[in-house]
Amino acid sequence: MALDPISTDTSPARPVECPESARPSGPAGAEETASATELRSLLAVMNALCDGDFTVRADASADGLVGEMAGVFNQLVTRNAHLAGELQRVRREVVRQGRLDERITASPGQGGWATNVNAANQLVDALVGPVSNATRVLDAIASGDLTQRVDLHDGNRQLRGDLRRLGRGVNRTVDQLSLFTGELTRIAREVGTEGRLGGRAKVQGLTGDWRMVTEAVNTMASRLTAQVRDIAEVTTAVARGDLTRQVTVEATGELLELKLTVNTMVDQLGAFADEVTRVAREVGTEGQLGGRAQVRGVSGVWKDLTDNV
């Protein structure tokens, strides 16, 4: 952002010359001619000041009332130049350097001059305070601290308008993050520590990405619950002697490998049980000797048991 410098030059007075056409001519009324010249010179610098030129100065060397007027005018220009220079300095520090602690220094004048300086500084304070407060809360969020909130009061004054919306927006973000992380922590504790499946994140009023993330967590929890419960039901059935059950839930990745492993185990147990039953029936019931258990694809303990039978 380009900054247009405003000169605060307080060098010795630079009188503005009155145009030749504006000077009265003739020898008569020499005293009036000199007075008119001084007034026209003063009028010229006043017009320059009206046009925003704070470098002009009136010639205060004249005697009498005109000299006093020129001196007061020069003080007026100096104070305007000081205020303009301070505004430029504060803007430069805020825009270029990002410093929010800069304030306008008071000019020598009192009354309205001091009032204007105080009003400008109060305006900066009113803007900087809520922004700094919001920055503090955002820094806390980045550090994992979700206990901080933006104070919606500036001293005894309640924030209003855009500044209040800023504070409420940050606070609402913190509230939703707190609810979301709290629900995730609860589900993780129920599943990982307590072994309780079927939990779902319940966060009211979520929209956009917050809602998408919550639904994704709930979908993950639901699928994991269905897969684990189906596998648990099959293994429980095996423990009870029921070798007819199979894991049928849809699965991918490592859970698919677990599903296939459990189903293979059930198949091998079923084949082994069938063969043992067949051999026992042939020998014990039918009196047929020489029968052998035949279970294909077995290894390890299964093979040893088959060979022993």
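Before going into details, it helps to say that this report is about the structure given with it.

Calculation notes
Residues numbered from 1 in each chain as written. Predicted model: local features only at pLDDT ≥ 70, side-chain atom pairs only at ≥ 80, totals over all residues. Heavy atoms only, no water. Helix = DSSP H or I, 4+ residues; strand = E, 2+ residues; numbered from the N terminus. Polar contact = N/O pair within 3.5 Å; in protein donor to acceptor, adjacent residues only side chain to side chain. Contact = heavy atoms within 4.5 Å. Buried < 20%, exposed > 50% of the residue type's maximum accessible area, 1.4 Å probe, protein only. Core = buried A, V, L, I, M, F, W, Y, C linked by side-chain atoms within 4.5 Å.

**Side note on the side chain of N263**
Reasoning step 1: Along the polypeptide, N263 turns up in helix α6 (residues 253-285).
Reasoning step 2: Looking at N263, its side chain comes within polar contact range of the main-chain nitrogen of V247, at 2.7 Å.
Reasoning step 3: What N263 contacts, discounting residues up to four positions off in sequence, is Q246 and V247.

**Topic: the environment of I231**
Reasoning step 1: If you trace the backbone, I231 turns up in helix α5 (residues 208-239).
Reasoning step 2: Its relative accessible area of 11% is what places I231 among the buried residues.
Reasoning step 3: Distance in space between the C-alpha atoms of I231 and L258 is 8.6 Å, their sequence separation being 27 residues.
Reasoning step 4: What I231 contacts, discounting residues up to four positions off in sequence, is V247, L258 and V262.

**Side note on the nonpolar core**
Reasoning step 1: With 12 residues, the main nonpolar core is built from L42, V45, A48, L49, F54, V56, A58, A70, F73, V77, A81 and A84.
Reasoning step 2: Those elements that place two or more of their residues in this core are α1 (30-50) and α2 (64-97).
Reasoning step 3: Of all hydrophobic cores here, the second largest spans eight residues; its members include V234, V249, V262 and L269.

**Brief notes about the environment of F73**
Reasoning step 1: With respect to the helices and strands, F73 occurs in helix α2.
Reasoning step 2: According to the relative accessible area criterion, F73 is buried, its value standing at 8%.
Reasoning step 3: In this structure the C-alpha to C-alpha distance between F73 and D59, which are 14 residues apart in sequence, comes to 9.8 Å.
Reasoning step 4: With near-sequence residues (within four places) excluded, F73 lies in contact with L42, V45, M46, L49 and A58.

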